[in-house]
Each structure stands twice: as C-alpha cells, then as structure tokens.
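# Residue-level structure breakdown
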Amino acid sequence: MHEMSLAEGVLQIIEDAARSQKFSRVKTVILEIGKLGSVEPEAMRFCFEAVMHGSIAQGAALEIIELPGSGWCMQCAMNVPMDEKYGACPQCGSYQVQPVSGTQMRVKELEVE
Amino acid sequence: MCTTCGCATGEVKIEGQDEHHHAHWHVHEDGAAHSHAQDGVASTKYRHVQDAHEHIHGDHAHPHTHDHLHFGLGAAHSHASGMSQSRMVQIERDILSKNNDYAAQNRTFFAGRGILALNLVSSPGSGKTSLLVRSITELKQSIALAVIEGDQQTTNDAERIRATGAPAIQINTGKGCHLDAHMVRQALPGLELLNESLLFIENVGNLVCPAAFDLGEACKVAILSTTEGEDKPLKYPDMFQAARLMLLNKCDLLPYLDFDVKLALENARRVNPAIEVICVSAKTGEGMADWLAWIARERTALLEKRQGNALIHYG
C-alpha cells in the first residue's frame, strides 16, 4: 500500500539526516520492515528507485531487513508467532490476536559519504 | 512538479493558495544544503547532477556500482586518495515519523481550541459527501463547523459543502492517493476555525492508504455502504481496524439488496472488536439522530477534557 508515499518518507528522513550529519551522498539505505507492517517489500523496492532519482540517494542500494511478527492471543493468553496481520492464532484458530511485534517500518541506518 | 528542479513531491493544490506552495531541501555534491523558495528563483551556483554515481579521476571517468560488503565502517571499495570514506549513520526512525510529527502538531492545534476533528474514510461512492451535507444541514444551527475536502481533482465536493453555508476548503492531492498531515496543516489557516467547532475532514475515497496516515484527528470514521460487499472489512482490514466508528450508509436500500447487515458487522468486529456501528441513510435521514448524538458525545468528552473535567452543557 502507498509505498510511493512511504518511499518519500524515507527520502525526507535521509534529507533530514544529511543536514544534521553532514553527508552528501547515500550509498546504501537499510530499512527494517516487520511482517505485520503495512509495507510490501517488493513494492517498496519498486518505488524506492523512482523516488530516490535526482536526490542524494540516487542509485543507492536498498537493503530490507524483514522482522518476524508475533501477537498476543486472548484465548490462549500467550504470545504466538504471526505471519499475517489479521491472521488466526496458529494454536487455537481464534482471530482475537493483537499484534505485539513485527509492525515496524523504520529507516535503520544509512551508508553515506 | 517543482519547476525549479523537476522534483516531484506530488501535485498538491490547496484552494486559495499558490500552486507552488511547498518549499523543499536539497543537499548538493559539496555538502551544501539549501531550500528552494516559493518564488521559484533558480540557483545559479548549484546544478543537479542526474547521475550521482559517476566520478571523474583526472583523465578517466568511471561509473561504479557497489555490492553489499561492509568492512567495519569503511566501504568495501574505497579506491582513490582524496575520496571521502563511507560511514554508517544510525537513523532508527519510523518511515511515517515526518507525517506523525505534523499530525501531532495538528492534534495540539485542535486540542488547544477544543476542535473536534473527524477523519471520514471510505471507498469512492459510499455517500460520504451526501452524508456530510445532511449532517451539516442538521448541525449548523447549533455548532460552528467546517470541512476539509480531499480529492485527486476538482473542487466539486467543496462546492457541494459550501452550498450548505459551511466553510469548506478543497485539497487536490494530484497524484496522491490520500491526505497527509502536512496537507491538512497547510489548509487550516484558510478555514479560520472557531474555538469549540467541529471539523470534518473528508479523505480521498480509498480504503487502503488513508488508514496509515494520521492527520491529527480525534478519530477516523469509516463509511461502508450497503451497495458494497459485506466482506469489505475483511478485504481492507487496515481501515476498519483504524476506525473507531463505522457508519453503514444507504440503509434505505436494504429492502432491494441482498446485503447481510449482520455479516457485515461480524466482519468489521473480526478486524476491530471495539468498533462502534451506526446504520444511517443520508437520503431518508434514518439513523441520523444516532450519528449526531455520537458526535455530540465526542464533543462533550473533548470539551470536558479541555476544561479539566468540568461539566459543560451546550446547545
């Protein structure tokens, strides 16, 4: 969803960092995307190149670290692994599972010069 | 598109404002950062280099690609004297942090003035604008209100709202598929919102993207109409998960449709067990009293919070 806007968000963060950390070129962008986040990594890759074009991150490599998801199942009263945001509990099949981790979409670090 | 440098940050137009309203920053090859001013004066000192990955060493030029090897903090392929060494910069920022910062500013703005801001989200054609027109007609005698309209193109919706006598401002998102908090912030001065008023923000008709973009609203209200499928909450769960209230619109058509209301509510509650639901018809007025009472409760709660739990009565 809306990966074009999210890629623009990444660029804004890069431009902010460029001002505060004094760098003029970005060679690698490392993102952390949780499995339960709202970003499709493939769509992000597609948009990333287009959005970075003409910026200080033009041509930068994109590395995406995918983080696993987990949620709290109210029926089982325990943390369970989750593969999809609105998926059922793998133990009991209930949909009353609250995502606990894996919803991140963050810029983790940049390789710059 | 910005005519100074060709960058495309969207083609957002806000009624009553210069089309080229966005200032933006660039950092150049030599590390100098500057912003483009609104008057579009081109910089003569800095030119944008289209392919930043090509450098010239004395008598030869070579483009370079890089692999993913990192040796400590240095790049795996540093190769010439005088070249700056690459380094890693820790960022650890949420991709939506910029939007969330603007949303927090909007929320502070609304809270300080006791303004209840509702973000109305739905598919195109669910009857959002008709519902708004009816709501405004019934509310305008008792509450000061205003509307921000979001659409890709045209000012049709803002004109429909203004025909009711309520102030409205249209944001055209151009290529964008949703409103963001910065667009709302830019539209606010044009509305001259009164203290303790009600602000409806009608988002772009889209059940996907607006879910992720906080505008600083008190809450999102999702509108589902009976001419859509009962499984919309399952197909587009993010939106129904993000909404506090679901209005099931076009209820007057139920006798003519196969729409299963119970199933639709079950589906909505499967993705959001806490979601509230009101069945309405903007055409016949069915359920409007419940919807307006819901707004009144939200306003009361907001104003009580603002006045330090003092009980407030209003007309």
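Secondary structure assignment for chain A yields two helices and six strands. Along the longest, intermediate and shortest principal axes, the C-alpha atoms of chain A span 50 × 25 × 15 Å. The buried share of chain A, reckoned over its 113 residues, is 45%. Pairs at least 24 apart in sequence give 71% of the contacts found in chain A among residues at least 6 apart.

A few words now on the overall build of chain B. Helices and strands together make up the secondary structure of chain B, namely eight helices and 15 strands. Here chain B, with 315 residues, has 36% of them falling under the buried criterion. Sequence separation of 24 or more characterises 68% of the internal contacts of chain B that already satisfy a separation of 6 or more.

Now for the pairing of strand S14 (residues 243-249) of chain B. All names here are of chain B. Counting buried residues in S14 gives five out of seven residues, a clear majority hidden from the surface. In this structure, S14 lies alongside strand S15 (residues 276-279), joined through four bridges in parallel fashion. Bridging from a neighbouring strand, Leu-245 pairs with Glu-276 of S15. Each parallel crossover has a hand, and for S14 linked through helix H7 (residues 261-271) to S15 it is right-handed.

Looking now at the environment of Pro41(A). All names here are of chain A. Its location among the elements puts Pro-41 in helix H2 (residues 41-52). When the C-alpha atoms of Pro-41 and Glu-66 are compared, they prove to be 8.4 Å apart, with 25 residues separating the residues in sequence. What Pro-41 contacts, discounting residues up to four positions off in sequence, is Ile-33, Ile-64 and Glu-66.

Right, let's get into the pairing of strand S2 (residues 61-67) of chain A. Bridge count between strand S1 (residues 26-34) of chain A and S2(A): seven bridges; the pairing is parallel. Along S2(A), the bridge assignment pairs Thr28(A) with Ala61(A).

All names here are of chain B. Its location among the elements puts Gly-127 in the loop between strand S9 (116-122) and helix H2 (128-139). Exposure remark for Gly-127: the 22 C-beta atoms within 10 Å place this residue in the buried category. Residues Gly-127 and Ile-14, 113 residues apart in the sequence, show an inter-C-alpha distance of 23 Å.

All right, on to the confidence of the model for chain B then. Residues and elements named next belong to chain B. Summarising the model, chain B shows a mean pLDDT of 80, and 73% of its residues fall at 70 or more. Ignoring residues within four places in sequence, the model shows residues 1-9, a span with pLDDT below 50, making 19 contacts including any to other chains. In the model output, the complex is listed with pTM 0.76 alongside ipTM 0.84.

A separate point is the sheet that holds strand S5 (residues 97-101) of chain A. All names here are of chain A. Taken together, the three strands give an open sheet; going across it, the order is S4-S3-S5, and neighbouring strands pair in antiparallel fashion. If you trace the sheet from one side to the other, it starts and ends with strand S4 (78-82) and S5, each paired once. Taking each pair of neighbouring strands and ignoring which way they run, the sheet shows an average axis angle of 40°. Examined bridge by bridge, strand S3 (residues 69-73) and S5 share four bridges and lie antiparallel to one another. Paired with Cys-73 across the bridge in S5 is Val-97.

Despite not being glycine, Glu192(B) has its phi angle at roughly 50°, a positive value. Its identity is not glycine, yet Glu196(B) carries a phi of approximately 60°, on the positive side.

Attention shifts here to the nonpolar core. Counting 90 residues, the largest nonpolar core has Ile14(A), Leu199(B) and Ile201(B) as the members making the most contacts within it. Looking at this core element by element, the count peaks at nine residues for helix H1 (residues 3-21) of chain A. Residue contacts for Leu199(B): discarding those within four places in its chain leaves Ile115(B), Leu116(B), Ala117(B), Ala146(B), Ile148(B) and Leu193(B). One finds Cys73(A), Met82(A), Cys89(A) and Val97(A) within the second-largest nonpolar core, a separate group that totals six residues.

Attention now goes to the sheet that holds strand S12 (residues 198-202) of chain B. Residues and elements named next belong to chain B. Spatially, the eight strands line up as an open sheet ordered S1-S11-S10-S12-S9-S13-S14-S15, and their pairing is mixed. Looking at strand neighbours, the two that pair on one side only are strand S1 (13-14) and S15, the edges of this open sheet. Along the sheet, helix H4 (residues 181-191) contacts S1, strand S10 (145-151), strand S11 (168-172) and S12; its crossing angle with S11, the most-contacted strand, is approximately 150°. Against the sheet, H7 engages strand S13 (219-225), S14 and S15, with an angle of about 165° to S14.

With that settled, consider H1(A). Compared with an ideal rise of 1.5 Å per residue, which puts 19 residues at 27 Å, H1(A) spans 26 Å between its outermost C-alpha atoms and is within 8% of the ideal. Two residues or fewer past H1(A), Lys22(A) is found with a positive phi of approximately 55°.

Glancing now at the environment of Arg45(A). Residue and element names in this part refer to chain A. Structurally, Arg-45 is set in helix H2. Judged by C-beta crowding, with 14 C-beta atoms within 10 Å, Arg-45 ranks as partly exposed. A sequence separation of 27 residues divides Arg-45 from Ala-18, and the C-alpha atoms of the two residues are 22 Å apart.

Time to look at the confidence of the model for chain A. The predicted coordinates ought not to be read in detail in places where the model reports low pLDDT. Per-residue confidence for chain A averages 92 on the pLDDT scale, and 99% of its residues sit at or above 70. At the low end of the mean pLDDT range in chain A sits S5(A), at 90; at the high end sits S1(A), at 96.

Conventions and cut-offs
Each chain carries its own residue numbering, running from 1 in the direction its sequence is written. Throughout, the order in which chains and ligands are written sets their labels, letters from A for the former and numbers from 1 for the latter. Local features in a predicted model are, by the rule used here, given only for residues with pLDDT of at least 70; side-chain atom pairs are given and counted only at 80 or more, and totals for whole chains, interfaces and linings are based on all residues. Secondary structure follows DSSP: runs of H or I at least 4 residues long count as helices, runs of E at least 2 residues long count as strands, and numbering of each begins at the N terminus. Our exposure labels follow a C-beta count within 10 Å of each residue's own C-beta, placed from the backbone: buried means 20 or more other C-beta atoms, exposed means 12 or fewer, and partly exposed covers the counts in between. Contact between two residues is assigned whenever their backbone-derived C-beta positions fall within 7 Å. Strands pair, by our definition, only if DSSP identifies at least two bridges between them. Note on handedness: a crossover is taken as right-handed if, strands pointing away from the viewer, the path from the first strand over the helix to the second is clockwise. Think of pLDDT as the predictor's per-residue confidence, scored from 0 to 100. Fitted lines through C-alpha atoms serve as axes, helices being fitted only where they are in contact, and the angles separating the N-to-C directions of these axes extend from 0 to 180 degrees. We call a set of buried Ala, Val, Leu, Ile, Met, Phe, Trp, Tyr and Cys residues a nonpolar core when their C-beta atoms link them within 7 Å. What a helix is expected to span follows from its residue count: subtract one and scale by 1.5 Å.

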